[in-house]
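Each chain, letter by letter, is given below.
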Amino acid sequence: MNDKDDAQLTPISRARTPEEIGEFWDSHSLADHWDETHEVEFEIRAKRRRQMPLSTGSYFFGDPEQQAEFANRHSQLLGSFQNLKAAIDVVILNQVKQQRDDRIIYLLGRAIFEGFNSIVLLCANGYLHTSKSILRAMFEQAVTLAYLDLHRDEIIGYDEYHWVIRHKRIPDYQKNNIKLSDEHVQETEENFKRVKKNYMRTDCKGCKTERLNHMWSKKDIITMANETKFPFQIVEVAYYRGLDEAHGRIDGLLCRLQPQDDGSFFYEDAPGLSDADTLLMTAHYLVVRSLEDLKNYFDLDAMTDPLSKCAADLRSTWESLFPVVTTADTPPDTA
């Protein structure tokens, strides 16, 4: 590496881009490099949000101007909601969820619908960054739904990991003097002992030790996404970007800053509507894909026509901006 290349690297992380800086600090502590730092001064300009109109005894939540701009920009997406509702209603109104497995699949679907509505609401009011956390949860729900549709014998494992989670939390409650009923503790421990063996994983092959797995499946969520053929463009936006926001990572913070010509940084309080396009497309894809998986699981012939319209809406709404996702990777059996 020559002197010119070396001069372009940051002094501590030895990085060239904000992404590389973020990767470095995800696995390093500032405490280990404190003696390498020095004092600096910089200016951050926070753009003031428009004031919301208030009248006596009434409050208006959200940003009416932002909502109007959103409705204008995304009129085609909003126009597709009637077809989405028709497909969703088939799931909601025509299913009797008496069996445990059916209830779990149904609840995953309902949570995905709720997540989609929440993302649209937040983006319509300029809260793009906050919506990434919801998109992250929506992605995991959609992937889990698709995976369990393929592996229905694993629904019980997804369900009963609930007892592992409850077991892990009990010591924290007790340590902080939060009273749990004897019945709650007894029920949790009895069921944990019953299911524990199903979630043990080899920790060391040589010494033959085991550990309790951190999730219900041996497969991680990305492996499941690949197996169920979610496009990488969807994974990148919903999982990786969503993870930065949901876990409070440095990349989730840095994306809010816009450098200015004078060396200062502008805190982007309300990102432009165009910045929400990728999130909305991803959420739209996830809800249509989930409808396809619900149709397949519940064998809903009544959903064939509305779902076909939903898939066509997905393509026509986004194909000019995201042709790879909305054409080559249209949800299976809906093209």
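Residues numbered from 1 in each chain as written. Predicted model: local features only at pLDDT ≥ 70, side-chain atom pairs only at ≥ 80, totals over all residues. Heavy atoms only, no water.

Enquirer: Explain the overall build of the protein chain here, please?
Expert: Within the protein chain one finds 15 helices and 7 strands. Relative to its full complement of 335 residues, the protein chain shows a buried share of 39%. For the protein chain, long-range pairs separated by at least 24 residues make up 67% of all intrachain contacts whose partners lie at least 6 apart in sequence. Summing over all exposed atoms, the protein chain offers an accessible surface of approximately 19800 Å²; the carbon and sulfur share of this is 50%. (Helix = DSSP H or I, 4+ residues; strand = E, 2+ residues; numbered from the N terminus. Buried < 20%, exposed > 50% of the residue type's maximum accessible area, 1.4 Å probe, protein only. Contact = heavy atoms within 4.5 Å. Areas by Shrake-Rupley, 256 points an atom, 1.4 Å probe, with all protein chains shown as cover.)

Enquirer: Is there a simple way to explain the pairing of strand β4 (residues 200-204) in this structure?
Expert: Regular strands show a simple pattern: their side chains alternate between the two faces of the sheet. Looking at chain direction, β4 and strand β5 (residues 209-212) are connected through 4 bridges and run antiparallel. When the bridges of β5 are listed, Thr 202 appears paired with Glu 210. Between β4 and β5, which pair antiparallel and follow one another directly, the connecting turn spans 4 residues, one of which, Lys 208, has a positive phi of 60 degrees. (Pairing = 2+ DSSP bridges.)

Enquirer: In this structure, what is going on with unusual backbone geometry? I would like to understand it.
Expert: For residues that are not glycine, phi is negative in most cases, and the peptide bond is trans in most cases. Of note, Lys 229 is a non-glycine position whose phi angle comes to about 65 degrees, a positive value. You can see Lys 229 is positioned in the loop between α10 (221-227) and α11 (232-246). The phi dihedral of Asp 299 is positive, around 55 degrees, even though this residue is not glycine. Take Asp 299: it is sitting in the loop between α13 (277-298) and α14 (304-318).

Enquirer: I keep staring at the packing of helix α7 (residues 128-150) against α13 and nothing clicks. Help me out?
Expert: Angle between the axes and distance between the axes: these two values describe a pair of packed helices. Taken N-terminus to C-terminus, the directions of α7 and α13 make an angle of 25 degrees; their axes are 10 Å apart at the nearest point. On the basis of the axis angle, α7 is roughly parallel to α13. Where α7 crosses over α13, the two elements pack in a sense that is left-handed. Within the contact between the two elements, α7 uses Leu 128, Ser 131, Lys 132, Leu 135, Met 138, Phe 139, Ala 142, Leu 145, Ala 146 and Asp 149 and α13 uses Leu 279, Thr 282, Ala 283, Leu 286, Val 287, Arg 289, Ser 290, Asp 293, Leu 294, Asn 296 and Tyr 297. (Axes fitted to C-alpha atoms, helices over the stretch in contact; angles between N-to-C directions. Parallel < 35°, antiparallel > 145°, perpendicular 65-115°, else oblique. Left-handed = near helix turned anticlockwise from the far one by under 90°.)

Enquirer: Help me understand the packing of α11 against α13 in this model?
Expert: The contact between α11 and α13 brings their axes to 10 Å, and the two run at 105 degrees. In terms of their interaxial angle, α11 and α13 are classed as roughly perpendicular. Counting all contacts with α11, which are made through Ile 234, Val 237, Ala 238 and Arg 241, the residues of α13 involved are Thr 278, Leu 279, Met 281, Thr 282, Tyr 285 and Leu 286. In terms of residue class, the contact of α11 with α13 is made up of 7 nonpolar, 2 polar and 1 charged. (Nonpolar A, V, L, I, M, F, W, Y, C, P; charged D, E, K, R; others polar.)

Enquirer: Even after reading the chapter, I still don't get the nonpolar core, so can you show me in this structure?
Expert: Soluble, globular proteins show a tendency: their nonpolar side chains are buried together. Counting residues in each nonpolar core, the largest one holds 68 residues, and the members touching the most others are Leu 135, Met 138, Phe 139, Phe 230, Leu 280, Leu 286 and Leu 291. Sort the elements by how many residues they give to this core and α13 lands first, with 12 residues. (Core = buried A, V, L, I, M, F, W, Y, C linked by side-chain atoms within 4.5 Å.)

Enquirer: Please clarify how α13 should be interpreted in this entry.
Expert: Since there are 3.6 residues in each turn of an α-helix, residues three or four apart along the chain are aligned in direction. Here α13 contains 22 residues, and its C-alpha end-to-end distance of 32 Å stays within 8% of the 32 Å for a straight helix at 1.5 Å per residue. Among the 22 residues that make up α13, 20 are buried, leaving the element largely enclosed by the rest of the structure. At the C-terminal side of α13, Asp 299 shows a positive phi close to 55 degrees. (Expected span 1.5 Å × (residues − 1).)

Enquirer: Which parts of the structure should I look at to understand the environment of Val 164?
Expert: By the element assignment, Val 164 lies in helix α8 (residues 155-175). Residue class for Val 164 comes out buried when judged on its relative accessible area of 0%. In this structure the C-alpha to C-alpha distance between Val 164 and Asn 191, which are 27 residues apart in sequence, comes to 8.5 Å. Those residues in contact with Val 164 that lie beyond four places of it in its chain are Phe 192, Val 195, Tyr 199 and Leu 212.

Enquirer: Honestly, the layout of surface pockets in this entry has me stumped. Any pointers?
Expert: Taking a probe equal in size to a water molecule and rolling it over the atoms shows the remaining empty space. Quantified by volume, the second largest pocket comes out at close to 570 Å³. If you go around the second largest pocket, you meet 18 residues; those closest to its centre are Glu 140, Thr 144, Tyr 158, Ile 165 and Trp 216. Contributions of two or more residues to the lining of the second largest pocket are made by α6 (100-124), α7 and α8. Its residues placed into classes, the lining of the second largest pocket shows 11 nonpolar, 4 polar and 3 charged. (1 Å grid on protein atoms, 1.4 Å probe; cavity = no way out; pocket = protein on both sides within 12 Å on 5 of 7 lines; lining within 4 Å. Points joined across faces, edges and corners; volume = space filled by probe spheres on them.)

Enquirer: Teacher, can you tell me more about the confidence of the model for the protein chain here?
Expert: Close inspection of predicted coordinates is inappropriate for parts of the model with low pLDDT. Mean pLDDT over the protein chain works out to 83, with 80% of the residues at or above the 70 mark. In this model, residues 51-56 is a region of pLDDT below 50 whose contacts with residues beyond four sequence positions or in other chains number 8 contacts. Low pLDDT, under 50, characterises residues 327-335; the predicted model gives this stretch 22 contacts beyond four residues in sequence or across chains. (pLDDT = per-residue confidence, 0-100.)

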